[in-house]
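# Coordinate inspection notes
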Amino acid sequence: MHPVAKSQEGPPAQTGDAGSVERWEAAPAQTGEPLTELLNRLLSDDPEEHDQALALIVERGESTLPLLEEIAVNDSAHPRHRAGAVYALGRIGSERSRQVLRSLWMTGLDQMGGALAIQTAISLGWYGDYEPLREMVAFEDEILGAKAAIQLGLMQDRQSLALLGEAAESEAYARMQPYFAIALGLLGDNRGEGNLRSGLL
């Protein structure tokens, strides 16, 4: 299961409230499972069901973008719906959706919350926009920064090498040095190898 899309928690959406799936029933009809049912499955605690729903939403492609964009920016939507929408917007890919994700990112970490912020940064990274992930490393929140560092390594953003090297030596990330060593290693830099070995012992 995608770690961020599933990580945000919140009370189940109630029928008729601003965050409910029912208010999106007017979405274009699709063959197969209705989109509203797929959205409801994002609330499942079953990792396999959650992941399958995300994959099917992405498979629907650009026809789902207007609805996903609406959910992504809706503060009243269930956190799992928002995270799932942001994930799908990154995977489906469109310039308009990239702009929606950028606008969401600009609302700030405090407004979004950590889990939605890291998913937004990851989704933008899939567009080749790595700056939000770099900002999360520079922010020096140890959990979010470590997650962002790993993503920068996986996405092969070599322009982040200097930033990751500095972060690996930062007191703010003292407990997270193995993660930065992994991120650096993914980019072909073995400076953190000693820290990685120490962290695994």
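Calculation criteria
Residues numbered from 1 in each chain as written. Predicted model: local features only at pLDDT ≥ 70, side-chain atom pairs only at ≥ 80, totals over all residues. Heavy atoms only, no water. Buried < 20%, exposed > 50% of the residue type's maximum accessible area, 1.4 Å probe, protein only. Helix = DSSP H or I, 4+ residues; strand = E, 2+ residues; numbered from the N terminus. Axes fitted to C-alpha atoms, helices over the stretch in contact; angles between N-to-C directions. Left-handed = near helix turned anticlockwise from the far one by under 90°. Contact = heavy atoms within 4.5 Å. Nonpolar A, V, L, I, M, F, W, Y, C, P; charged D, E, K, R; others polar. Patch = residues over 30% accessible without salt bridge, like charges linked within 9 Å, V, L, I, M, F, W, Y side chains within 5 Å. Areas by Shrake-Rupley, 256 points an atom, 1.4 Å probe, with all protein chains shown as cover. Salt bridge = Lys/Arg side-chain N within 4 Å of Asp/Glu carboxyl O. Core = buried A, V, L, I, M, F, W, Y, C linked by side-chain atoms within 4.5 Å. Expected span 1.5 Å × (residues − 1). Arc of directions from axis to C-beta. Polar contact = N/O pair within 3.5 Å; in protein donor to acceptor, adjacent residues only side chain to side chain.

## What about unusual backbone geometry?
- Even without being glycine, Glu 140 reaches a positive phi, approximately 65°.
- Classification of Glu 140 by relative accessible area gives partly exposed; the value is 43%.
- Of note in this structure, Gln 156 is not a glycine but carries a positive phi near 60°.
- By secondary structure assignment, the location of Gln 156 is in the loop between helix H9 (142–154) and helix H10 (161–168).

## Considering the packing of helix H5 (residues 95–105) against helix H7 (residues 114–126)
- Where H5 meets H7, the closest approach of the two axes is 10 Å, and the angle between their N-to-C directions is 145°. For H5 against H7, the interelement crossing comes out left-handed. Of the residues in H7, those touching H5 at Arg 98, Leu 101, Arg 102, Leu 104 and Trp 105 are Ala 117, Thr 120, Ala 121, Ser 123 and Leu 124.
- Residue composition of the contact of H5 with H7, by class: six nonpolar, two polar and two charged.

## A few points about a nonpolar patch on the surface
- Judged by side-chain polarity, Leu 154, Ile 182 and Leu 186 come together as a nonpolar surface patch covering roughly 240 Å² of accessible area.
- Residue placement: Leu 154 occurs in helix H9.
- For Leu 154, a relative accessible area of 53% corresponds to the exposed category.

## With respect to the nonpolar core
- One finds Ile 57, Leu 133, Met 136, Val 137, Leu 164 and Phe 180 to be the most contacted residues of the largest nonpolar core, which totals 51 residues.
- Beyond its immediate stretch of four places on either side in the chain, Leu 164 contacts Val 137, Ala 149, Leu 152, Phe 180, Ala 183, Leu 184 and Leu 187.

## Points about helix H2 (residues 47–60)
- A rise of 1.5 Å per residue sets the reference length of H2, with its 14 residues, at 20 Å; its end C-alpha atoms lie 20 Å apart and thus fit the reference within 8%.
- Among all positions in H2, only His 50, Ala 53, Leu 54, Ile 57 and Arg 60 are buried. Down the axis of H2, the buried side of the element spans an arc of 120°, and every buried residue falls inside it. Turned more than 90 degrees from where H2 packs its buried face, Glu 48 and Glu 59 sit exposed.
- Where H2 is buried, its residues touch helix H1 (35–41), helix H3 (65–72) and helix H4 (79–92).
- Residue Asp 46 occupies the N-cap position of H2, its side-chain oxygen lying 3.0 Å from the main-chain nitrogen of Glu 48.

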